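Here is how the chains run, residue by residue.
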Number of protein chains: 2
Amino acid sequence: MSVNFMTDMDFNEDSSSVDNLCSSTMTAPTIVDVLIIGAGPAGLALANWFRNSDISVLLVDKKPGPTTRGQAEGLKSTTNEIFESFGIGPQVTAELWRLEEIAIWGPREDGGVGIVREQVIQDKVEELGKIRETMLQQSRVEHHMLQNLVPHSNIKIKYSTTPISVNVDITSSHKEKAYPVEVQLDKTQLDKDGIQDNATSDSNLPNERDEKEEVRAKYIVGCDGARSWLRKQLDVTLEGDLTDSVFGVVDIVPKSNFPDIRRVCYLRAATGTILLVPRSDKEVRLYIPVESGSALPDPKDLTFERIIDAARKIIAPYALEVGSVSWWSAYRVGQRVGSHFSRQNERAFLLGDAVHTHSPKAGQGMNTSVQDAYNLGWKLRLILQGHISTTTSDTSPETLLRTYELERRPVAQDLIAFDRGYLKLFAAPSSQFDTEFLRAMKFTTGLSIRYPPSCVVQLPAGCATADDLGPSLLKADVVPGKRLPDFQVVYQADGTTARIHTRMQTTGAFRLIVFAGDIAQHTHLLDKLQQLGAFLADPSGLGPLTSPSSGAVGEVAAVEVLVVHAAERDKVDFLGLPEVYRPWSETAGYDYWRVFADAESVHEGHGRVYERLEIDREKGRDVIVRPDGYVGAVLDLDDHDGVKRYFGVLGMLKGA
Amino acid sequence: MSVNFMTDMDFNEDSSSVDNLCSSTMTAPTIVDVLIIGAGPAGLALANWFRNSDISVLLVDKKPGPTTRGQAEGLKSTTNEIFESFGIGPQVTAELWRLEEIAIWGPREDGGVGIVREQVIQDKVEELGKIRETMLQQSRVEHHMLQNLVPHSNIKIKYSTTPISVNVDITSSHKEKAYPVEVQLDKTQLDKDGIQDNATSDSNLPNERDEKEEVRAKYIVGCDGARSWLRKQLDVTLEGDLTDSVFGVVDIVPKSNFPDIRRVCYLRAATGTILLVPRSDKEVRLYIPVESGSALPDPKDLTFERIIDAARKIIAPYALEVGSVSWWSAYRVGQRVGSHFSRQNERAFLLGDAVHTHSPKAGQGMNTSVQDAYNLGWKLRLILQGHISTTTSDTSPETLLRTYELERRPVAQDLIAFDRGYLKLFAAPSSQFDTEFLRAMKFTTGLSIRYPPSCVVQLPAGCATADDLGPSLLKADVVPGKRLPDFQVVYQADGTTARIHTRMQTTGAFRLIVFAGDIAQHTHLLDKLQQLGAFLADPSGLGPLTSPSSGAVGEVAAVEVLVVHAAERDKVDFLGLPEVYRPWSETAGYDYWRVFADAESVHEGHGRVYERLEIDREKGRDVIVRPDGYVGAVLDLDDHDGVKRYFGVLGMLKGA
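Residues numbered from 1 in each chain as written. Chains lettered and ligands numbered in written order. Predicted model: local features only at pLDDT ≥ 70, side-chain atom pairs only at ≥ 80, totals over all residues. Heavy atoms only, no water.

The name given to chain A in an unreviewed UniProt entry is FAD binding domain-containing protein, with the source organism recorded as Bombardia bombarda. What the UniProt record of chain A gives under Sequence similarities (unreviewed entry) is the line "Belongs to the PheA/TfdB FAD monooxygenase family." (UniProt positions renumbered as here; feature names shortened; annotations may be inferred.)

**Q** Looking at this structure, I do not really get the overall build of chain A. What am I missing?
**A** Scanning chain A from terminus to terminus reveals 17 helices and 28 strands. Counting the 656 residues in chain A, one finds 59% classified as buried. Nonlocal contacts in chain A, meaning residues at least 24 apart in sequence, comprise 72% of its contacts between residues at least 6 apart. (Helix = DSSP H or I, 4+ residues; strand = E, 2+ residues; numbered from the N terminus. Buried < 20%, exposed > 50% of the residue type's maximum accessible area, 1.4 Å probe, protein only. Contact = heavy atoms within 4.5 Å.)

**Q** How should the side chain of Glu214 of chain A be read in this particular structure?
**A** Assignment of secondary structure puts Glu214 of chain A in strand β11 (residues 213–222). On the basis of relative accessible area, Glu214 of chain A is assigned to the buried category, the value being 15%.

**Q** Can you help me understand the pattern of salt bridges in this one?
**A** A side chain with one charge can pair with a side chain of the opposite charge if their charged atoms come near. A full pass over the atoms with the stated rule returns 85 salt bridges over all chains. Ionic pairing is found between Glu213 of chain A and Lys158 of chain A, a salt bridge with its closest N-O pair at 2.5 Å. Highlighted residues: Glu213 of chain A in strand β11 and Lys158 of chain A in strand β8 (residues 155–158), separated in sequence by 55 residues. A residue is classified by how much of its surface remains accessible, and Glu213 of chain A, at 17% relative accessible area, is buried. Glu81 of chain B is the salt-bridge partner of Lys130 of chain B, the closest N and O atoms lying 2.8 Å from each other. Here the residue Lys130 of chain B occupies a position in the loop between β6 (115–122) and β7 (133–135), and Glu81 of chain B occupies one in helix α3 (residues 77–86), the gap between them amounting to 49 residues. One exposure class covers both Lys130 of chain B and Glu81 of chain B, and it is buried. Taken together, the shared-partner salt bridges in this structure form one network comprising Glu101, Arg117, Asp260 and Arg263 of chain A together with Arg569 and Asp570 of chain B. (Salt bridge = Lys/Arg side-chain N within 4 Å of Asp/Glu carboxyl O.)

**Q** Just to check I follow, could you spell out the sheet that holds strand β4 (residues 97–99) of chain A for this structure?
**A** By way of backbone hydrogen bonds, the strands of a sheet pair with one another, either parallel or antiparallel. All names here are of chain A. Strand order in the open sheet formed by three strands is β3-β7-β4, with antiparallel pairing between adjacent strands. With one partner strand each, in any of the chains shown, β3 (74–76) and β4 form the two edges of the open sheet. Averaged over all neighbouring strand pairs, the angle between strand axes comes to 35°, with direction disregarded. Two strands pair when backbone bridges link them, and β4 and strand β7 (residues 133–135) are joined in this way by three bridges, in the antiparallel orientation. Each bridged residue has a counterpart across the sheet, and for Arg98 the counterpart in β7 is Thr134. (Pairing = 2+ DSSP bridges. Axes fitted to C-alpha atoms, helices over the stretch in contact; angles between N-to-C directions.)

**Q** What exactly am I supposed to notice about the packing of helix α14 (residues 523–537) of chain A against helix α17 (residues 640–649) of chain A here?
**A** A pair of packed helices is characterised by two quantities: the angle between their axes and the separation of those axes. All names here are of chain A. Where α14 meets α17, the axes come as close as 11 Å, and the angle between the chain directions of the two elements is 30°. Relative to α17, the element α14 is oriented roughly parallel. Crossing handedness for the pair α14 and α17: right-handed. Facing Gln531, Leu532 and Phe535 of α14, the residues of α17 in contact are His640, Val643 and Lys644. (Parallel < 35°, antiparallel > 145°, perpendicular 65-115°, else oblique. Left-handed = near helix turned anticlockwise from the far one by under 90°.)

**Q** What is the right way to look at the relation of the copies chain B and chain A in this model?
**A** Here two copies of a chain appear, and what relates them is a rotation about an axis with a shift along it. For the pair chain B and chain A, the best superposition has an RMSD of 0.0 Å and corresponds to a rotation of 180° with a translation of 0.0 Å parallel to the axis. With respect to symmetry, the two chain copies, as superposed, fit the operation of a two-fold axis. Every residue of chain B has its C-alpha some distance from the rotation axis, and the shortest such distance is that of Pro90 of chain B, at 3.2 Å. When you check the interface residues of chain B against chain A, 100% turn up at the interface there too, and the contact is symmetric in its surfaces. (Least-squares fit on C-alpha atoms with pLDDT ≥ 70 in both.)

**Q** Before we go on, may I ask you to explain the interface of chain B and chain A in this structure?
**A** Counting from both sides, the interface comprises 46 residues of chain B and, opposite them, 47 residues of chain A. At the boundary of chain B with chain A, total buried surface from both sides reaches about 4,100 Å², with 54% on carbon and sulfur atoms. Considering only the surface of chain B that becomes buried against chain A, Lys282, Val602 and His603 of chain B emerge as the three largest contributors, covering 17% of it. The tally of links from chain B across to chain A stands at six salt bridges. For Glu101 of chain B, the salt bridge identified is with Arg569 of chain A, shortest N-O distance 2.5 Å. Counting across the chain B and chain A interface gives twelve residue pairs in polar contact (both at pLDDT 80 or more). Those elements that place two or more of their residues in the side of chain B that touches chain A are α4 (89–95), β4 (97–99), β6, β12 (238–256), β16 (320–338) and β25 (589–590) of chain B. (Buried area = accessible area lost by both parts, 1.4 Å probe. Polar contact = N/O pair within 3.5 Å; in protein donor to acceptor, adjacent residues only side chain to side chain.)

**Q** Help me understand the packing of aromatic side chains in this model?
**A** How two aromatic rings sit relative to each other is given by the distance of their centres and the angle of their planes. Under the criterion given, the structure shown has 52 aromatic pairs over all chains. With centroids separated by 4.7 Å and ring planes inclined at 50°, the aromatic side chains of Trp105 of chain B and Phe258 of chain B adopt a geometry described as tilted. Placement of Trp105 of chain B in strand β5 (residues 101–107) and of Phe258 of chain B in the loop between β12 and β13 (264–269) is noted, with a sequence separation of 153 residues between them. Taking relative accessible area as the criterion, Trp105 of chain B reaches 3% and is therefore assigned buried. Under the relative-accessibility criterion, Phe258 of chain B is labelled buried at 0%. Among the aromatic residues, those joined into a cluster by ring pairs are Trp97 of chain A together with Phe574, Trp584, Tyr590, Tyr592 and Trp593 of chain B. The residue whose ring lies beneath Arg347 of chain A is Tyr219 of chain A, and the NZ or CZ to ring-centre distance is 5.0 Å. (Phe/Tyr/Trp six-rings, centres within 6.5 Å; stacked < 30°, edge-to-face > 60°. Lys NZ or Arg CZ within 6 Å of the ring centre and 35° of its normal.)

**Q** I would appreciate a short explanation of helix α13 (residues 523–537) of chain B in the present structure.
**A** All names here are of chain B. Between its terminal C-alpha atoms α13 stretches 21 Å, which fits the 21 Å expected from 15 residues at 1.5 Å a residue. Looking at α13, one finds that the buried residues are Leu525, Leu529, Leu532, Gly533, Phe535 and Leu536. Seen along its axis, α13 keeps its buried residues to an arc of 165°; they face one direction. The secondary structure elements touched by the buried residues of α13 are β22 (510–517), α14 (543–546), β23 (559–565), β27 (621–625) and α16 (640–649). (Expected span 1.5 Å × (residues − 1). Arc of directions from axis to C-beta.)

**Q** Explain the pairing of strand β10 (residues 181–187) of chain B to me, please; I cannot follow it from the model alone.
**A** Two faces belong to every sheet, and in a regular strand the side chains alternate between them. All names here are of chain B. Pairing geometry for strand β9 (residues 161–168) and β10, over seven bridges, is antiparallel. From the neighbouring strand, Thr162 faces β10, where its bridge partner is Asp186. Across five bridges, β10 lies against strand β11 (residues 213–222) in antiparallel orientation. The partner of Leu185 across the bridge, within β11, is Glu213.

Structure below.
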């Protein structure tokens, strides 16, 4: 395996043109925009961002085919929102398993043998308004993301394929034609035991080196897991330590009279602790940390029987027999974060397990991987579709791409810090247990994430930090850098309901959500909505971004305008609104699905959006939502300049 | 085409054995249990009943493949419940379009030109607790039902196949081995225009008569539409008339400033009426009855332009331009019901459009077809799986199968009667309009259906008719012969929710739902539940029906026992209940999903089942639910004899 990162000094060729690249090798290299190493949850989620585009994507994975069994299972509601936005929400929802209750068990207070139930907590965060925590086998999650790519010929997957070298020309700019990433791929080699391992190149198996392939890409993304090959090539180190904790994990069908066997349980006995999580059908998963100390066992020495024996001692006096076992493992937890999440002048990125590892206790692994990908994907898409102009703003593609590390590395660091403290909560429950546990649930759901100010997270003039925004916005969580709270609205045209995160499909578009207020009661609000409409359609206003350009594959407008009013529905004249709010197409008719009311629905109650988001019905507000559902900016209804400034800073207003 | 129904007199062969049948022809005939003619909504729904069984089913359809476009679209919630029970609820739900509001428009009261909105009605029936009315193209409904058959090798489909003759030996009993139905199949012939029509046998196209096939079946079912071939062979006549109404129907993308274009609208102007129904995306469907009278047009003379012109006059002063048109048609409505729904000693059945036709106004066509099939399927399955013994009861398979006509023909007749009266409601809205319209919505949802007493609808001793049951049960709709009202319950084991109709998958099983009352507060109820448990497990009680027999494909217990208690969940000792309520399997573990609480859920509110069904928490009640979700009997909690009587009458208790 050769590794060579070209620098200014040893880079002698002009490789800014594809033709040059092709002519410099014997066989023509494969040219792609994005090369993704690893087709697990992170890689597949990233690839899903490039559906309905003409961006070429190659996913490679050393495995011979899709995963048939993965260890991760937990899916938080915010991850399920991502699947909704990919359009695979119904399939995932149909299969997933819900977790509704958490039981805490502790030792008997009288010092006797055995455990007693201390309390049952609802697995619920009120403001989510939906199921917080669900379970679905990693292989099924991957299946649905993979199936979702099938109709898109711009995205290709090669299994049994391993990268063996990578070069990145860091002098090249992020101009459209530059393919500075050179990668050699090879067919995955099998070792003597038939186990795939490319390190074993002196295998006795037939040498399949003739299946080598050269790839040139604009970007390379390592989604290749905890033992990431790309991480090593990029000289990224994992900072942190292996912990003392050796965990045994078993997936079994239990034969047990333990009454909470179908609830998430934290069991704390004198002899140790168990985290019990119900799986689909009749299985449960048990996590059993083996005590640390001088006699710390090597994970390899742990046997299934020893793990179950430990579990039996903890769960006593309840019985625990094993009906069947479908999987078990033992491992030592690493709590480490990569020194960098991107390298080589933002040409190479690391996502998911490749760049952070932690214990599986809070069910965060698959969620964080998918969310890393969700953060990076739209930024690459925006650049590759040519939406960012470097001539009109200070924001370069590099600046935008740097926000990936800026936003996601602190999340990983917080996760590790959380991971370290989480079990302490259960060690000796205090009087603040409920409050602390609720905070932990919000954290693991991702509701505590707030990305720092940047070109895509813009604070109003006069605000140095998001904390200066004022208590009302902060309370309602409508804060630049935070995920837009999900809410239910009613379509003006037909009275059906929508949830906003499901409505915001991953087209790559930003959304300008115009909370127009009560436009029936207040003429000045209707006037403001009309004026804003004119600005949004104006060629010297936001017009170039709100009307779809034609010709390109699946091209949509860079900014989709949505209106949420607070008026009585039957007092609103839908077709009297400016056309930007209900565009007409000669073939496809009016778009009736951009104007919503914050109103009582026929079958699903009232979303009470204005109340929940603390928006004044007499003033209204604009919220710019990034393609990934995070708030980019919050503005007054008549602050046209503010809207223009947001996209101007990003370099998206070319003529400006 | 030859037609010959053998009778006692001309039947000379012993065809009760398959071997005999095979030896009497040159090529071996195909032997199947059920032959279904027509793979539309009715045929596919019927076939779905035979999944997970060893019953062999052959569907034939003269079309060359699945429908790419059907005219039907309306799906009522009770039909969606059927899809849930088939396991395709999520797929259907993900695609369907909701209808939430109905707008009524009438002529201006001052006699001026134009129409005004009279009122907007919520398309809602409170007690359903869910979306009442949805839209999905027939082809997609068929697609999902078809896909659901693919994994089941006992069910086969042949397209481009037309039946050309049928003989039924009506002397043969419904014993397991008798295959009294003889059918000749042929490859569908194309006429000169390439249109499939088997009547044109003198076509110039190559004669493919060598693809003839002989089929022997136990049962034949005609799901072959309004021009049913089987109906003619069975000498079934359609009773009723073609109406005077000639309808024009258009599916268009409208360019209109009519404000309610995305609502269901009844438009009544001086110049005529329109029924407007929003379709998926931006299309709408308009039904425009052309005035009857002496100048009654022939449907063939109607042009698209003439229909749209008529629509324009009605909708004025609003504009109606056509962005695009995807389909249009004109036809005269027939309102007719078949003289028989089954013939030939219950060996041949007719379903759906084959046996009733009516106007499409109330969106009933696809619903009634699917519901016909849903009524017949489990009865055939029960007999073909050998659950009905004629030696121990007066109920023969014929008696059971006769309930298909007994139950479904009145539904079709009521539908026609309703159809005749429906538009009168809108002709001149009275002060009772809202009440009458709500009644009409309940009717079209199927909530008014009450099947008469029979071997599968049993009234308590002392009740001559269901009306004698008492006001409480009647009010709550827990009445033998009526659909069990759907309700939400919480699983005792894990706190997740279920809706009862979704929970009752189409396994062919009856359900005994034990409403056990508050078993935590009332010891006598817990005692009764224990005693009932003993009876249900007792080999001389209901034991033979509640434990699955082994060996057969997908065999499940004939009666699945479910418990819905009204106690505080944490005061119920799940594993302390008799095993019949939470069976154990050595490989699959406990079945945790048979015991429910009528309780507040973590995320989805309280089902309030006892209140809604008017069940006394201090008394409880047993409800026997048929495999199709209709109530079979309602009994006191300790009426073990009543339970035994129900299944005894049916001949399901062989040892009794």
